[in-house]
Structures are given as C-alpha cells and as structure tokens.
Amino acid sequence: MSQKIKDASIPTIPVKARFSRWFGRNLLRIYMIFGFTYLFIPVAYTFVFSFNDSGKSNLIWKGFTLSNWQNPCGAPEVCKALGNSIKIGLLATIFSTILGTMIAFAIGRYKFKGRSSSNLLIFLPMATPEIVLGASLLSLFLVFKINPGFWPTVIAHVVFCISFVVVTVKARIASLDPRLEQAAMDLYANELETFRRVTLPLVAPGIAGAALLAFSLSFDDFIITNFNSGTLITFPKFVYVSAARGIPAQANVIGSAMFFLALAIVIAAQLVKRKRTR
Amino acid sequence: MAKDSISARGDLRLTRITKSYGDFTAVDDLTLTIPKGSFFALLGPSGCGKTTTLRMVAGLEEPTGGSIHLGDTDITTTRPYQRPINTVFQNYALFPHLTIFENIAFGLRRRGIKDVKEQVEKVLNLVELPHLAERKPMQLSGGQQQRIALARAIVNRPALLLLDEPLGALDLKLRRQMQIELKWIQREVGLTFVHVTHDQEEAMTMADTIAVMNEGKIEQMGSPADLYDDPETAFVANFLGQSNLIKGKIDANDGDNLVVDLYGQKISMSKKRSHAVDNSLYAGIRPEKFRISRLGTPVRGNTLSGGRIEDVSYIGVSTQYVVAMPWGQELMVFEQNDDGVAPFNKGDEVNISWEPNFTFGLRGDEDVDAGTEVNPEELEE
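The shown structure was predicted, so the numbers you read here are calculated from the model rather than taken from an experiment. (Residues numbered from 1 in each chain as written. Chains lettered and ligands numbered in written order. Predicted model: local features only at pLDDT ≥ 70, side-chain atom pairs only at ≥ 80, totals over all residues.)

Enquirer: What is the right way to look at the overall build of chain A in this model?
Expert: Secondary structure assignment for chain A yields 13 helices and zero strands. When the helices and strands of chain A are placed in sequence order, the string is α-α-α-α-α-α-α-α-α-α-α-α-α. What you see for chain A is a C-alpha radius of gyration of 26 Å, clearly larger than the 19 Å of a compact globule of 278 residues, by over 25%. Seen through its principal axes, chain A has C-alpha atoms that stretch 90 × 65 × 35 Å. Going through the 278 residues of chain A one by one, you find that 31% of them count as buried. (Helix = DSSP H or I, 4+ residues; strand = E, 2+ residues; numbered from the N terminus. Rg over C-alpha atoms; globule rule 2.2 N^0.38 Å. Buried ≥ 20, exposed ≤ 12 C-beta atoms within 10 Å, placed from the backbone.)

So this is what it looks like as structure tokens:
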C-alpha cells in the first residue's frame, strides 16, 4: 500500500468519484445549511423589511431607511398593542410560573391519591386545540357574566402556560438527586432551609426556562387572545388586523427586536453555563 | 427535644430495631451497641439491611419498631437535622451549585458557628486539599470529591460519623490508599465512625469491630481477627475469606478438647471453638492453615490422609492447591512459597495436616454454601 503511494505514476482518482466522496463527507453539513436557511429566511425577510422606506404598505422594497427603527411607535396603536402584550405576558408568566412550579413539586415529589391522573390532566390544555380552548373559555367567562378584556385574557393565558411550566419544571425536579436534600438535612438544615439553599437553587434554571417559555407563548398567542380580549388590542392582534391593509414597518422593527432579545438571552445563558462548568 | 438531641454524646444503642416495607423486613429485631470512639463496620451483602440501618441512625428512615439512643438521649423519632450525626454519602452528594468552601461550611453555617473560615481551612488541610476551596464539585476527581465529602461531615465534629460505602466509587488503588487515610483521620479526630460496606477486606482493614449482617440480622460481631479465626456460622466463615467445611461427628468429649470423626478419620479441636449444638458438626479450616505432605513424611497435629492433588495454581506469594479427598470433597489449600520445597504436582498422593487449634466448629445443620455466592462487584444498594 505505502509502496504504491510513493510511486510517481499513481492513477488519479476521477473527478466524479472525488466529488461523490466529498459530497458523502459533507452531506450533513449541506443538509444543515438548507435547514437553517429554511428556518431563518422569514426572520431575515422581516429584519430586512424593517428598514424599508415603505410608507403605507410594507410589501414592496422602496429604499433603505433607519426611520422605522428610530421611531418604532410611529405607526398608530403599535406601541399600545405592544404594551398590552407585554403586560399580559408578564402577569401570565408570574402567575403560571408560581402555580406551575408548585404543581410540579407536588407531582414530582409527593405520592398522593390522584397523582397520576393529575399528571395526565396537566397535559390536556397542551393537547386541546387552541381554538377550542379559546372558545370554551369565552363561553365560560360569559356564563359568569365576565366581559372579555384584559383580565380574562390574562386568566386564559395562565391556563395554557401552566401546563408548559409544569412539564419543564418537573423534568428538572426529576433530574435532581434526592440525596442532595438528604445531605442538607443531615447537615442541620431544616425543611425550609433545605428548600431555600439546596432545592430551589438547583431547580432555578428549570423555573427560569419555564418562565421564558411562558412569556413567549403568552406574547405571541393570537387565537385564545382573540376570543377573550374583546376590544383590547394586543401585538399579534394588531399585526393580524393590519395585515388586511398593509402591515406597517414598525411591526417588523418590533418583531426583529424581539428576535434579537431572545437570541441575546440564549447566548447569555450559554455563556453563564460555560463559565460555571469551567 | 431538638436542643437536647443535638448535644447528645455517648455510645450508640440500637434496641430491637425493626424496619419493614410491606411484607419485606429489611432490618429484623436488631440490637446493637457501638461504643464511643470506635471504628465500627457493618458488613454484609446487598440487601442485608446494613444501609437501611445506617439511614435509620441518620434519621433518613423511621424504624417500624424499636429505639435508637445516643448516650442517654432517645433520638428514634428526631429529624435528621436534630441529630449530632453526619453522613458521608455513597455518591458523596456534594452540592453542585456551591463551592467546595461553601459545601464544607454548610453545616457550620446552619448551626450559626462563628469561626467558619478558620474551621473550614483547618479541615481542608486535614484532607490535604486546601487549594480547591473555590472550585465547584464537578471540577474535582472522584478521590477529591470523596475527601471533600468526608471533610464536610467531620468539620461538624459529630458524635457519630456514618460512612455509606464511602469508597465504592473509587478504583482499587485509590481505595486502598483511602482506607489507610480514613483510619488515620479517625484516630486524629477521635470520632465514632460507623462504616457500611460489602467489601470484607475494606472492613477488616479499617474497623476495630465488625458486625456481619445477613437478611436483616447480625450473624456475628467481633474484631476482624475473631471473626476470621473463629466464625460462628457458615455465612461468616464464607463471607470473610474462604473456608473448608468438612462434615463430621463429635466422638468424644475429653476435657477442653473434642475428638471429631471426619469420614472415619479422627481429629481433635478446642471445645471453645465449637458452635455445634449436638453431635453433628462441620469442622472448618482456613485454606492457609493446611499443610500438604508426601506420604510417609512425619507430620504434627491433625492429619487427613488419602488426598490427591487435583489442581495447582501458582500465584507468586503462594501456591493454591485443590486436593480431592476420598469422600469426594475438594479442599482448598494455600501454601506459602517460602521453604524452597519443590511444589506438588497434579496427581500426587498426599496427606493434609494442620494445628488442632486452627479448627473451628459449626452446627451440623448449616448451609455450607451460605455467603459464598456473593459477588461484591454487582452490589449496588
């Protein structure tokens, strides 16, 4: 074998064979490039058109401008809608994270009658089509003579966010070694101190992840919100309504900003994690 | 109650402790006293109840019946954090989110001790890892984590330190080294250590007193030498080292000695070392106590004739022989390679002899295989 390589008259590998070998080696990479392109073209489109000097309709490229970014509240109502979405999102996140974490601890840590059925029931809001959940919540509110609006929307969001919080936090609790809590108790920490100094810090990343998930689910929910918010305008509703007569470029600005914010959070979390394990 | 139990000191007394899970009895009516300042080992195979016993002492399990006293204080139902007892857990259970310093300081801080920094530094020096104080547990090797787990427990100077298979996760070489270190640290700090293990060699190396447990009960308790030289049951004889158990009958009772008939050949043994309850007994002899001799060579002590070498394994410090006896049993014999005598070959006709005092006697109705089928490697409690 080595003899052959030293030989000056090595037969060259045909181009076709070389290409197919290269292709075989890089297939996964090519596939990945296609996959990410597919995922990110819409995002890139949104970002690029946030710089469009569009006027009324943001469908055709009319020239580059920074004015949309300088004045994100320029379009009528867009910032009011955004403000409502953020307020609803924050409230829904706080309530669903607190309640969901408590449920996750109950199901993950304690044996009680009806544990497995509550485990199953928790999944139901996730599995129910949003349109059904939204419509039934509306009729429920109407039965109790509660008019659609801000608080019914918050309550509706808490309903579907809880499931996601429970599932996320429960996974974290399941991976927690019970011996760590036993060790804390063995080292003179009572139940409360054990929870505060060992259990909670170890479950915290799961809770933080659940809160982020809850916020993003609440923030971009349209279907359930549309049923229960009445005349209140949220950001997704604003975009939907304005789609009929042309979405203002400010919507692209806000959408892109949200995307970069989320990206920044993910990168920051990775950096912190890397620093910790080092 | 809490204030009282935390300052309790003295011997640990378990009185008729029982722990059942449904139909299964993990610990069965166990009574045991562990003297203050001793290095005590609970030795037994997987599922023998030793870890459950330890967890009840720590307060992590509540006994179904019986009581636990530390000195004069009843601690049976007190919470783990109300007991002056600390545990080195099997997988160390170091807090991953805290630095080594904070791990060790954890118990001191919970009790509101003042000079935390000084004490943590002192114990880090004791385990020879002062440079790791600011690291996180994940950044440490297994051996280092083991020492930190030990430091985290002994810094509290508990009345009782519990070690649950503390060396199980270490490789053999490190384990040997830690055995010696643990023993040294125990002498240095003068605490009572209760050590749970399935490794008989580990228990014998470290402990002053060993309690051999089997199926929730204590089979025998004593110093390592007592247990090895004079086991009272077949389980102990087989679990601690290897034994040759030969079925026999007590023929005569001559003062301090017994004459025992082993398949027609008479031997004698000390009466004190017989645990038989009637005339039938198993004579037990450790393999290294046997001497092999060629036919016609004069020998001292007890002799069994008619043996034939079946197998020879040379392993350096000794040679191990399997000798087939006329009644069909195969005996293990370990001979030191120290006398320059040419080794025996397969098929040689030989006699086997030993000092009468090395014989121990077990009840004739024992299960001779008890304790032999235990593979320490597969144990994981």
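That was the structure; now back to the text.
Enquirer: Is there a simple way to explain the pairing of strand E11 (residues 244-254) of chain B in this structure?
Expert: Each regular strand carries side chains that alternate between the two faces of the sheet. All names here are of chain B. Where E11 lies against strand E14 (residues 280-285), six bridges are found, and the strand directions are antiparallel. In the sheet register, Lys249 faces E14, and the bridge partner there is Ser280. Across five bridges, the pairing between E11 and strand E12 (residues 257-262) is antiparallel. Within E12, the residue paired with Ile250 across the bridge is Val260. Hairpin connection between E11 and E12: a loop of two residues separates the two successive antiparallel strands, and Gly255 in this loop has a positive phi of roughly 65 degrees. (Pairing = 2+ DSSP bridges.)

Enquirer: Which parts of the structure should I look at to understand the nonpolar core?
Expert: Counting residues in hydrophobic clusters, the biggest one holds 109 residues, and the most contacted among them are Val57, Ile104, Ala151, Leu162, Val194, Val212 and Ala283 of chain B. Here this core gets six residues from one element, more than from any other, and that element is helix H5 (residues 142-154) of chain B. Every residue in contact with Ala283 of chain B, bar those within four places of it in the chain, is listed here: Ile246, Gly248, Val260, Leu262, Ile267, Met269, Thr359 and Gly361 of chain B. In terms of nonpolar packing, the next biggest core, distinct from the first, is built from 26 residues, Ala92, Ile122, Leu138 and Val154 of chain A among them. (Core = buried A, V, L, I, M, F, W, Y, C linked by C-beta atoms within 7 Å. Contact = placed C-beta atoms within 7 Å.)

Enquirer: What is the right way to look at the sheet that holds strand E19 (residues 349-354) of chain B in this model?
Expert: Where strands meet in a sheet, backbone hydrogen bonds hold them as pairs that are either parallel or antiparallel. All names here are of chain B. Strand order in the open sheet formed by five strands is E15-E19-E16-E17-E18, and the pairing between neighbours is antiparallel. The strands lining the two open edges of the sheet, one partner per strand, are strand E15 (291-294) and strand E18 (330-336). Mean inter-strand twist for the sheet, computed between neighbouring axes without regard to direction, equals 45 degrees. Alignment of strand E17 (residues 318-324) against E18, held across seven bridges, turns out to be antiparallel. Paired with Ala324 across the two strands is Glu330, which belongs to E18. (Axes fitted to C-alpha atoms, helices over the stretch in contact; angles between N-to-C directions.)

Enquirer: Help me understand the domain arrangement of chain A in this model?
Expert: How big an interface is tends to be stated in terms of accessible area lost as the parts join. One can read the domain layout of chain A as domain 1 (2-69) and domain 2 (76-247). Distance from the C-alpha centre of domain 1 of chain A to the C-alpha centre of domain 2 of chain A: 38 Å. (Domains from an automatic or database assignment.)

Enquirer: So what exactly am I meant to see when it comes to unusual backbone geometry here?
Expert: Excluding glycine, a negative phi dihedral is what most residues carry, and trans is how most peptide bonds are arranged. Residue and element names in this part refer to chain B. For Asp29, which is not a glycine, the phi torsion comes out positive at approximately 50 degrees. Positive phi values are uncommon outside glycine, yet Tyr263 reaches one of about 50 degrees. Along the chain, Tyr263 turns up in the loop between E12 and strand E13 (265-270). The class for Tyr263 is partly exposed, based on 15 C-beta atoms found within 10 Å.

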